[in-house]
Amino acid sequence: MELNSIEDVKALNEYQTVKQIERIEKKIHRLSFVPATSCAFLIAWAVWCTWTAVAWSPIHIILIAISIATVGHANVQRTDLIRRLFELKYGK
């Protein structure tokens, strides 16, 4: 692609910004499923443990802690992406 004028450069920059905004919005949408998926997994796991009368052990607590950490990390990532999205859309 040849850039023959300042307008071409501005148009290319605008196009790249729009594509970056779309990628960030897609990532935010995907990360929004992490808490619900984690919750559903923990509920299904708790029902299975109750149904099969599995005794609770420290491993079970570690699984719950990992789930909490995963949801927390996803929320931090979403916050960072939202911050970048606002910077791209509205400037600094």
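Below is a short write-up of the structure. Note that the structure is predicted; figures quoted are calculated from it, not measured.

### Focus on the packing of helix H1 (residues 6-31) against helix H3 (residues 58-90)
Point 1. Direction vectors running N to C along H1 and H3 enclose 155 degrees, while the axes themselves pass 10 Å from each other. Relative to H3, H1 is oriented roughly antiparallel. In terms of crossing hand, the pair formed by H1 and H3 is left-handed. In this structure, H1 contributes Thr17, Gln20, Ile21, Ile24, Glu25, Lys27, Ile28 and Leu31 to the contact, and H3 contributes Ala74, Gln77, Arg78, Leu81, Ile82, Arg84, Leu85, Leu88 and Lys89.
Point 2. Looking at the contact of H1 with H3, its residues break down into nine nonpolar, three polar and five charged.

### Here we look at unusual backbone geometry
Point 1. Of note, the phi angle at Ala53 is positive, near 55 degrees, even though the residue is not glycine.
Point 2. Its place among the elements puts Ala53 in the loop between helix H2 (34-51) and H3.
Point 3. Classification of Ala53 by relative accessible area gives exposed; the value is 66%.

### Some details on a positive patch on the surface
Point 1. Taken together, the side chains of Arg23, Lys26, Lys27, Arg30 and Arg84 make up a positively charged region of the molecular surface.
Point 2. Ranked by residue count, the leading element in the positive patch is H1, at four residues.
Point 3. Inspection of the secondary structure assignment puts Arg23 in helix H1.

What counts as what
- Residues numbered from 1 in each chain as written.
- Predicted model: local features only at pLDDT ≥ 70, side-chain atom pairs only at ≥ 80, totals over all residues.
- Heavy atoms only, no water.
- Axes fitted to C-alpha atoms, helices over the stretch in contact; angles between N-to-C directions.
- Helix = DSSP H or I, 4+ residues; strand = E, 2+ residues; numbered from the N terminus.
- Parallel < 35°, antiparallel > 145°, perpendicular 65-115°, else oblique.
- Left-handed = near helix turned anticlockwise from the far one by under 90°.
- Contact = heavy atoms within 4.5 Å.
- Nonpolar A, V, L, I, M, F, W, Y, C, P; charged D, E, K, R; others polar.
- Buried < 20%, exposed > 50% of the residue type's maximum accessible area, 1.4 Å probe, protein only.
- Patch = residues over 30% accessible without salt bridge, like charges linked within 9 Å, V, L, I, M, F, W, Y side chains within 5 Å.
- Areas by Shrake-Rupley, 256 points an atom, 1.4 Å probe, with all protein chains shown as cover.
- Salt bridge = Lys/Arg side-chain N within 4 Å of Asp/Glu carboxyl O.
- Lys, Arg positive; Asp, Glu negative; His and termini not counted.
- Charge placed at Lys NZ, Arg CZ, Asp CG, Glu CD.

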